[in-house]
Amino acid sequence: MPPKQPLRRQSVSVGRGTRKRDEDSGTEVAEGADEWAQSKATVRPPDQLELTDAELKEEFTRILTANNPHAPQNIVRYSFKEGTYKLIGFVDQLAVHFSQVGNLIPKDSDEGRRQRYRNNLVTGSEESAKLVISEAEVVEEEDEPKEAEAGSQTDLPAAEAAEKVAEELMTPKQPKERKLTNKFNFSERASQTFNNPLRDRECQMEPPPRTNFSATANQWEIYDAYVEELEKQEKTKEKEKAKTPVAKKMGKMAMRKMTSMESQSDDITKVTQAAKIVERMVNQNTYDDVAQDFKYYEDAADEYRDQEGTLLPLWKFQNDKAKRLAVTALCWNPKYNDLFAVGHGSYDFMKQSRGMLLLYSMKNPSFPEYIFSSESGIMCLDMHVDHPYLVVVGHYDGNVAIYNLKKPHSQPSFRSSAKSGKHTDPVWQVKWQKDDMDNNLNFFSVSSDGRIVSWTLVKSELVHTDVIKLKVEGSTTESLEGLQLYTVGCGTAFDFHKEIDYMFLVGTEEGKIYKCSKSYSSQFLDTYDAHNMAVDAVSWNPYHTKVFMSCSSDWTVKIWDHTIKTPMFIYDLNSAVGDVAWAPYSSTVFAAVTTNGKTHVFDLSINKYEAICNQPVVAKKKNKITHVQFNPIHPIIIVGDDRGHVTCLKLSPNLRKMPKQAWPQMAAHSEELGTNTRKKRGRKCRKVQLWRSQNWTNC
C-alpha cells in the first residue's frame, strides 16, 4: 500500500496579477505580492479559548456505561408483605431510540414457502416450483415422526407425493381448537389486573403471667383466722349500736346507692370509651354549623363598624343536676385547650345547698366529661399547671379540697378539716403556687375570716400555714384590760405577681386592696383605697408587670400602677361588675361582665375612654352574669350566669387585634420623662403612665 501523501495547505490570493506556484512551499503566489499580503494564518472563532501546551496535552477519560441517565431512581411500589411502600432497587435501563413494525417473513416458515410457490407458478418456472416442493418434503420429513409414517411415504409414488405436498402448501393450516374462556371467570381474562398472591399473617400473644402459690395450714392458723373474723364482726356491731336511727337510715340508703352504682358501672365500664367516642361523633354532627362558625366564620361587617366589634354565640353548656346552682368559678385546663372546669354553688347566703364541679369539653357540649358533687357549695377553683388533672376547690363552709381527675370516684382525694385548720368563713379564691423546697404541692386560699393560708400536701395530708391576717387599718382599740383589739379584714380576692413570687394583692369587702408579701405576716407593703364596696376580682396584667386591674360591686373597673396609689383608668359600667379578665393575646384588651347580663370588651390601644363592645349575653334580663374567662389559644371567651349556664362566645376580628410596636425613641423619651418628674409632678407622671398604657405590647 503506498504511503499517504501529506496534506499541503494551499492559499490562493485573489488579485489582478497572475498566479505562481511556489515549488518549495507548494503554495501559489500571485504576482504583485507587495500589494496583496500572503495570508497563511488560520481563522479562529472569537470565543475560542487559548490553551497552553500542557492543557492541550491533558487527557480526560470518559467511561461509557449502559445506564440510562434519564431513568428514574426513586420508583416506589407497595409491599403487601410488609404493608409499606418500598424503594425498587432494579430500574430498567433500556432506552429505545427507534422501532418499526416490519412485514418480512422468514423463508423457512409456511407462509414464506407458500408465497415463493405462488410467485414461481405465476412466472412459470417449473424447476423452481419443484425445488420448493422438494424443500417442503425435506422439512416435513424432519418434522414428522420417523417410526409412524416411514413406511407409508416410501410406498407412494413420487408424483402423488408431489401433488399431496402441493395441496398441503396451497391449503392453509387450520389453527388448533382452543378452549373457550369462561366469560364469568374473570381470573382467566387477560385484561384484569395482577392478582396478588395470598399470604398468611400470624401473630403470637404473650402468655398471661403465672405464679405458683403454695402454702400449708394447720389447725392453729385456721382457728386464729376465725377469731379475727369474729372480732371484726363484733366491732361493726358496736359501731352500729352507737349510731342514731337517722344515721342508720342514711347509711343504708348510701349502701343501696353504692350497690346500684356498682351494678350499673359493671355493665357500662366495658363500653365507656366506645360510648364516649360515639357521643362525640353524634354531637359533632348535631352542632356542625356551630363548629364551622367556631373554626372559619369571621364577621365581615367589622370593616364598617369603626373599630367596634361583636360577640358571636357558639355553644351553651348546661346540666340538669346543676340547674338551680349559680356558676361561681371558671377555669381553662392549661394542657387541653378545649377542656374547662365550672364550679357551681350559690351566692344567696340564705339559701345554701350542695355544690358541683363539672368539666366540659367543646367536643361534647351536651354532657360534661367529669361530674363531682359536694355537700357544700363550691365558691372557687384552680387547675394545676404542671399536673392538669389536679383541681383545687374552695367551699362555702371554709374547707378546701383537691380532686384528682384520674381517679373515677366522686370524692376528693384530699380535704381539709377542723383539725387541719380550715377557714371559718367561705373561701373566695384559691391559687396553685410553685412547689416548696421538698417538691410538695402548694396552694394558697383567701377567706372572709381574714386569713390567707398556704396549704402544703405532705404525705397525703394537707398542712396549713397562716401567711398573713388581714386587719383594718385605724381600727385598733385598747380594752379595759389593756389588750389591743382590731377589726378583721374580710378577704374576697387575691392574685400573685407574674414575676415576683413573693408579692401578691388582696381585695377585701371594705373596698381596700392590700399589696402583701409572703415574707411579712404582720404588715402590708402598700394599701390602696380602691372601691366603695366589696372588691370582686383583682388581676395582674400578664405582660406589663406594674399594672393590675380590679372590679367591684360599686359599678366600676379600675386599672392601677402598683407604684401609684391613684388609679390610671376608671370605667363606670352602670351595674355591679362580677368579674374581669385580661386577654392572653394583648396587654391592652380585657373583658368585664355585669349583673345586668352584658359583656364589655375594652381595648386601650384603640379607645381608652369606653368599651369597643357592649353586648347582652344572657337571654333573660333577670339572669346575672357572674364570671368570664378568655381561652389561652382560641379567640373565644366563656361566661357563666347565676342559672348554671355557661355560654361560649367568639370574638370578632376587631376585638382581637394585635397591638402595634412602640417606637424605641418614644419609649425611651417616656422613660426619661417618667423618672425625672415622678417625684416632683405627680399629675404629669400619671399622664406618662396613661401614654404607656396605650402602648403595652406583647412579650
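Residue indices begin from 1 for each chain and proceed along its sequence in written order. This being a predicted model, a pLDDT of at least 70 is required before a residue's local features are given, and a value of 80 or more before pairs of side-chain atoms are given or counted; all residues contribute to the totals for chains, interfaces and linings. In computing side-chain values, all of the structure's heavy atoms are included and hydrogens and water are not.

Draft legend 1. A nonpolar patch on the surface, seen in detail. Like charges within 9 Å and nonpolar side chains (Val, Leu, Ile, Met, Phe, Trp, Tyr) within 5 Å are joined into patches, using only residues over 30% in relative accessible area that form no salt bridge. Using a 1.4 Å probe, the Shrake-Rupley method yields the accessible areas, and only the shown protein chains count as cover for residues. Salt bridges, as used here, are contacts in which a Lys or Arg side-chain nitrogen is within 4 Å of a carboxyl oxygen on Asp or Glu. A surface patch of nonpolar side chains, amounting to about 560 Å² of accessible area, comprises V76, Y78, F80, Y85 and L87. By definition, any uninterrupted DSSP run of H or I lasting at least four residues is a helix, any uninterrupted run of E lasting at least two residues is a strand, and each is numbered from the N terminus. Here Y85 shows up in strand β4 (residues 84-87).

Draft legend 2. Structural context of the pattern of salt bridges. The tally for this structure, following the rule as stated, stands at 14 salt bridges. Between D495 and K498 there is a salt bridge, with the nearest N and O atoms lying 3.6 Å from each other. For D526, the salt bridge identified is with K565, shortest N-O distance 3.3 Å. Taken together, the positions of D526 in strand β23 (residues 526-529) and K565 in the loop between β26 (556-561) and β27 (569-572) put the pair 39 residues apart, joining distant regions of the chain. With a relative accessible area of 17%, D526 lands in the buried category. For the exposure calls, accessible area comes from a 1.4 Å probe over protein chains only, and a residue counts as buried if that area is under 20% of its type's maximum, exposed if over 50%, partly exposed in between. Judged by its relative accessible area of 52%, K565 is exposed.

Draft legend 3. Seen up close, the sheet that holds strand β21 (residues 503-508). For two strands to be treated as a pair, DSSP must find no fewer than two bridges joining them. Spatially, four strands are ordered β20-β21-β22-β23 in an open sheet, and the strand pairing comes out antiparallel. The strands lining the two open edges of the sheet, one partner per strand, are β20 (491-496) and β23. Adjacent strand axes in the sheet meet at a mean angle of 20°, parallel and antiparallel pairs treated alike. Here β21 pairs with strand β22 (residues 512-517) via five bridges, running antiparallel. Its bridge partner being in β22, M503 is matched across the sheet by S517. Angles run from 0 to 180 degrees between N-to-C directions of axes, and those axes are lines fitted to C-alpha atoms, restricted for helices to the stretch in contact.

Draft legend 4. Layout of the pairing of β27. Where burial is concerned, the two faces of β27 differ: the one with F569 and Y571 is buried and the one with I570 and D572 is not. As paired strands, β26 and β27 are joined by four bridges and run antiparallel to one another. Bridging across to β27, T556 finds its partner in D572.

Draft legend 5. How the structure looks around unusual backbone geometry. Phi at W555 takes a positive value of approximately 75°, unusual for a residue other than glycine. With respect to the helices, strands and loops of the structure, W555 is situated in the loop between β25 (547-552) and β26.

Draft legend 6. The arrangement of the sheet that holds strand β31 (residues 613-616) in detail. Read across the open sheet, the four strands follow the order β28-β29-β30-β31; overall the sheet is antiparallel. If you trace the sheet from one side to the other, it starts and ends with β28 (577-582) and β31, each paired once. Strand-to-strand twist across the sheet, computed as the mean angle between neighbouring axes with direction ignored, equals 15°. Here four bridges tie strand β30 (residues 598-603) to β31, and the two strands are oriented antiparallel to one another. Counted as the bridge partner of T599 is Q615 from β31.

Draft legend 7. Summary view of the UniProt feature "repeat: WD" (unreviewed entry) in the protein chain. Within this structure's numbering, the places UniProt gives as "repeat: WD" (unreviewed entry) are residues 528-561. Helix and strand shares over residues 528-561 are 0% and 59% respectively, and the end C-alpha atoms of the span are 11 Å apart. UniProt positions are given in the numbering used here, feature names are shortened, and annotations may be inferred rather than shown by experiment.

Draft legend 8. Examining the packing of aromatic side chains more closely. Each Phe, Tyr or Trp ring (for Trp, its six-membered ring) is paired with any other whose centre lies within 6.5 Å, and the angle between the two planes then decides the class: stacked below 30 degrees, edge-to-face above 60, tilted in between. Per the stated rule, a full pass over the model turns up 26 aromatic pairs. Geometrically, the ring pair formed by F496 and F504 is tilted, given 5.1 Å between the ring centres and 40° between the ring planes. By relative accessible area, F504 is classed as buried at 0%. Site record: aromatic cluster; members linked through ring pairs are F569, Y571, W582, F590 and F602. Whether a charge sits over a ring comes down to the Lys NZ or Arg CZ being within 6 Å of the ring centre and within 35 degrees of the ring normal. Between K276 and the ring centre of Y370, over which it is positioned, the NZ or CZ distance is 5.6 Å. Over the ring of Y389 we find K406, and its NZ or CZ is 4.2 Å from the ring centre.

Draft legend 9. Spotlight on helix α6 (residues 219-242). With 24 residues, α6 should reach 34 Å at 1.5 Å per residue; the first-to-last C-alpha distance of 35 Å fits that figure. In terms of burial, α6 is largely open, as just zero of its 24 residues are buried. Multiplying one less than the number of residues by 1.5 Å gives the expected span of a helix.

Draft legend 10. Region of interest: a negative patch on the surface. Side chains of E221, D224, E228, E229, E231, E234 and E238 sit close together on the surface and give a patch of like negative charge. Relative to the assigned elements, D224 resides in helix α6. We score Asp and Glu as negative and Lys and Arg as positive, and we do not count His or the chain ends. Charge placement uses NZ in Lys and CZ in Arg. For Asp and Glu, CG and CD serve respectively.

Draft legend 11. Examining the side chain of D338 more closely. Mapped onto the secondary structure, D338 falls in the loop between β6 (326-332) and β7 (339-345). Reaching out from D338, the side chain makes a polar contact with the side chain of S361 at a distance of 2.7 Å. Not counting residues up to four positions away in its chain, the partners in contact with D338 are W332, Y360, S361, M362 and K363. Polar contacts, as used here, are pairs of N or O atoms within 3.5 Å; protein pairs need one atom able to donate a hydrogen and one able to accept it. Residues neighboring in sequence count only if both atoms are side-chain atoms. A contact between two residues is defined here by any heavy atoms of the two lying within 4.5 Å.

Draft legend 12. Quick peek at the pairing of β7. Of all seven residues that make up β7, seven are buried, and the element is covered over most of its length. Of the two faces of β7, the one carrying L339, A341, G343 and G345 and the one carrying F340, V342 and H344 are both buried. Pairing geometry for β6 and β7, over six bridges, is antiparallel. By the bridge assignment for β7, V327 is matched with H344. Counted between consecutive antiparallel strands, the loop separating β6 from β7 contains six residues. Here six bridges tie β7 to strand β8 (residues 355-361), and the two strands are oriented antiparallel to one another. Bridge pairing in β8 places V342 opposite L358.

Draft legend 13. Structural view of the environment of M356. Summarising the element assignment, M356 is placed in strand β8. Along the chain, M356 and G345 lie eleven residues apart, while their C-alpha atoms are 7.0 Å from each other. In this structure, M356 is in contact with K321, A322, L325, V342, G343, H344, I371, F372, S373, S374 and I378, ignoring residues within four places of it in sequence.

Draft legend 14. Spotlight on the environment of Y514. Locating Y514 in the fold gives a position in strand β22. By relative accessible area, Y514 is classed as buried at 1%. Remark: the alpha-carbon pair of Y514 and T527, spanning 13 residues in sequence, is separated by 4.7 Å.

Draft legend 15. Representation of the side chain of H395. Among the secondary structure elements, H395 is positioned in strand β11 (residues 390-395). At 3.4 Å, the side chain of H395 forms a polar contact with the backbone oxygen of S376.

Draft legend 16. Structural context of the environment of G394. Within the secondary structure, G394 sits in strand β11. Judged by relative accessible area, which is 0%, G394 ranks as buried. Sequence spacing of G394 and L381 is 13 residues, and the spatial spacing of their C-alpha atoms is 6.3 Å. Residue contacts for G394: discarding those within four places in its chain leaves G377, I378, M379, C380, N399, V400, V427 and V430.

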